[in-house]
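Chains, contacts and geometry: an overview
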Amino acid sequence: MKAASGALISLLASRQFFSADLYLFSLIDGTSLYYCGGDQDIVWDGITWSAGGSTGPYFDRKDNKAKCHWKVGVEVDTLVFDCIPGGATVGGEPFLSAVRQGVFDGAEMTLYRAFMPTYGNTAAGTVIMFVGRVAEVDASRSLATFSVNSHLELLNQMMPRNLYQSGCVNTLFDASCTLNMASFGVNGTVASGSTASLLNSSSLSQATGYFDLGQVTFTSGANDGFSRTVQTHTHGSPSTIALISPFPSAPSPGDAFTIYPGCDKQQSTCSAKFQNLINYRGFPNIPQPATSI
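Residues numbered from 1 in each chain as written. Predicted model: local features only at pLDDT ≥ 70, side-chain atom pairs only at ≥ 80, totals over all residues. Heavy atoms only, no water.

A word on the pattern of salt bridges
Spelled out, the test is: Definition used for salt bridges: Asp or Glu carboxyl oxygen within 4 Å of a side-chain nitrogen of Lys or Arg. Secondary structure elements are defined from DSSP: runs of H or I of at least 4 residues count as helices, runs of E of at least 2 residues count as strands, and each element is numbered from the N terminus. Under the scheme applied here, a residue whose accessible area is under 20% of the maximum for its type counts as buried, over 50% as exposed, and between as partly exposed, the area being computed with a 1.4 Å probe on protein chains only.
A complete count under the given rule lists two salt bridges for this structure. For aspartate 21, the salt bridge identified is with arginine 113, shortest N-O distance 2.6 Å. With a gap of 92 residues between them, aspartate 21 in strand E1 (residues 18-26) and arginine 113 in strand E10 (residues 108-116) connect regions that are remote in the sequence. Exposure remark for aspartate 21: the relative accessible area of 5% places this residue in the buried category. Residue glutamate 153 is joined to arginine 133 by a salt bridge in which the shortest nitrogen-to-oxygen separation is 3.8 Å.

Set out below in structure tokens:
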């Protein structure tokens with residue numbers, strides 16, 4: 001059962017109306033993107049939902065409408081739709097480039113359907129058709145296909161919840177770890193010679209490996225607000241930070257960032273690096289499984 005206003009119910013009963021799908025993406029960096037599958041932009045809830053105009057992107061192709069699959073029970077519902085990017089950009093990057101760099105990974109997505117007595121008149125309101133998280137995006141040379149899973153996906157967890165293993169079952173800075181992420185942040189600036197996947201910085205004094213598996217977030221420049229996971233950190237003059245995946249753009253010297261340390265979930269790391277042994281939830285003394293020779 002989907003909620004609808006009285007005005008919308010009356011409009012649907014008249015069987016004379018226009019409809020258009022509205023796509024809301026809430027990216028993990030806090031950015032919200034508003035797109036419309038209709039022929040023209042639509043203003044609803046004080047926001048202009050872009051139909052693409054002369055630049056794109058274009059959703060809800062006539063020959064391939066968005067496909068929702070609802071299932072009875074606790075099976076994960078899915079939504080699949082295509083997008084023609086055109087000349088659109090996201091965060092200053094071409095749409096398909098942003099897709100390939102993971103900008104939409106894990107984004108919250110809501111599909112609304114607007115019903116209108118005349119196109120553009122959204123006074124009757126909308127109906128929420130689907131809510132979920134972007135699970136996968138396939139990008140070809142001229143098309144992006146989004147697959148979105150409903151939040152029932154969050155129930156797909158291993159049981160029992162707590163596993164007996166040598167490494168800590170906590171995630172660094174989560175509620176069970178108890179450490180405050182902000183208190184471990186280190187501010188730095190980019191030095192010359194940096195690329196989208198390798199950062200140089202002369203403002204970091206920490207020993208080699210301190211930021212391994214951590215996170216770096218830019219606070220200025222072309223990558224402002226974007227975060228990436230650190231693969232390796234090497235102290236030097238300058239220090240180097242190798243990333244698991246590249247930033248959308250190569251940073252410029254002087255761009256500011258905040259970097260956080262990572263954790264390999266070992267007892268020695270928890271004790272020496274974070275002084276948080278009291279909250280360590282690994283079992284390092286579990287014997288190794290027996291093997292036969």
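Examining the state of the cysteines
Short version of the rule: Only a pair of cysteine sulfur atoms within 2.5 Å counts as a disulfide in this structure description.
Taken as a whole and judged by the stated rule, the model has zero disulfides. Cysteine 83 takes part in no disulfide bond, and the closest cysteine sulfur to it belongs to cysteine 36, at a distance of 13 Å. A disulfide-free cysteine, cysteine 270 has its sulfur positioned 6.1 Å from the sulfur of cysteine 168, the nearest such atom.

Considering the nonpolar core
Put simply, the rule reads: Throughout, nonpolar core names a set of buried Ala, Val, Leu, Ile, Met, Phe, Trp, Tyr and Cys residues whose side chains join them through atoms within 4.5 Å. Should any heavy atoms of two residues lie within 4.5 Å, those residues are considered in contact.
Among the nonpolar cores identified, the biggest contains 47 residues, and Phe25, Phe81, Phe95, Phe104 and Phe146 are the most heavily contacted of them. Take this core: its biggest share by element is five residues, from strand E11 (residues 126-139). Setting aside chain neighbours within four positions, we find phenylalanine 81 in contact with Tyr23, Phe25, Phe59, Ala66, Met109, Ala144, Thr145, Phe146 and Val148. Listed in part, the eleven residues of the second largest apolar core include Ala20, Leu24, Cys36 and Ala114.

Brief notes about the sheet that holds strand E13 (residues 186-189)
In plain terms, the rule: A pair of strands is labelled paired if DSSP reports no fewer than 2 bridges between them. Only the stretch in contact is used when fitting a helix axis, every axis being a line fitted to C-alpha atoms; angles between N-to-C directions are given from 0 to 180 degrees.
In space, the six strands of this open sheet follow the order E13-E18-E15-E16-E17-E14, with antiparallel pairing throughout. Only two strands of the sheet have a single partner each, and these edge strands are E13 and strand E14 (198-201). Averaged over neighbouring strand pairs, the angle between their axes works out to 35 degrees when direction is ignored. Alignment of strand E15 (residues 215-218) against strand E16 (residues 227-234), held across three bridges, turns out to be antiparallel. In the sheet register, glutamine 215 faces E16, and the bridge partner there is threonine 229.

Considerations on the environment of phenylalanine 211
With respect to the helices and strands, the residue phenylalanine 211 is situated in the loop between E14 and E15. Residues phenylalanine 211 and leucine 111, 100 residues apart in the sequence, show an inter-C-alpha distance of 39 Å. With residues up to four places along the chain from it excluded, the contact list for phenylalanine 211 reads Val186, Leu204, Gln206, Val230, His233, Ile259, Tyr260, Pro261 and Gly262.

Thoughts on the pairing of strand E7 (residues 78-84)
Relative to E7, strand E5 (residues 58-59) runs antiparallel, the two sharing two bridges. The residue of E7 that forms the bridge with phenylalanine 59 is cysteine 83. Alignment of strand E6 (residues 67-69) against E7, held across three bridges, turns out to be antiparallel. Of the residues in E7, the one forming a bridge with lysine 67 is valine 80. Examined bridge by bridge, E7 and strand E12 (residues 144-150) share six bridges and lie antiparallel to one another. Opposite phenylalanine 81, over in E12, you have phenylalanine 146 as the bridge partner.

Notes on the side chain of asparagine 170
Its place among the elements puts asparagine 170 in the loop between E12 and E13. Aside from chain neighbours lying at most four places away, what touches asparagine 170 is Ser176, Cys177, Lys265, Asn279 and Arg281.

Considerations on the packing of aromatic side chains
The condition that has to hold: Whether two aromatic rings pair depends on their centres lying within 6.5 Å, for rings of Phe, Tyr and Trp, where Trp uses its six-membered ring; planes under 30 degrees apart make the pair stacked, over 60 edge-to-face, and the rest tilted.
Per the counting criterion, the structure on display carries 25 aromatic pairs. A ring pair is formed by phenylalanine 25 and phenylalanine 81, whose centres lie 6.3 Å apart and whose planes are at 55 degrees; its orientation type is tilted. Residue phenylalanine 25 is found in strand E1, and its partner phenylalanine 81 is found in strand E7; the two are separated by 56 residues along the sequence. Grouping residues by exposure puts phenylalanine 25 and phenylalanine 81 together as buried. Ring geometry for tyrosine 35 and phenylalanine 59: centres 5.0 Å apart, planes at 25 degrees, overall stacked.

Focus: the environment of isoleucine 244
Relative to the helices and strands, isoleucine 244 resides in the loop between strand E17 (239-243) and strand E18 (256-260). Assessed through its relative accessible area of 54%, isoleucine 244 is described here as exposed. Between the C-alpha atom of isoleucine 244 and that of threonine 229, which follows or precedes it by 15 residues, the distance is 5.8 Å. Apart from the residues lying within four places of it in its own chain, the contact partners of isoleucine 244 are Thr229, Val230 and Gln231.

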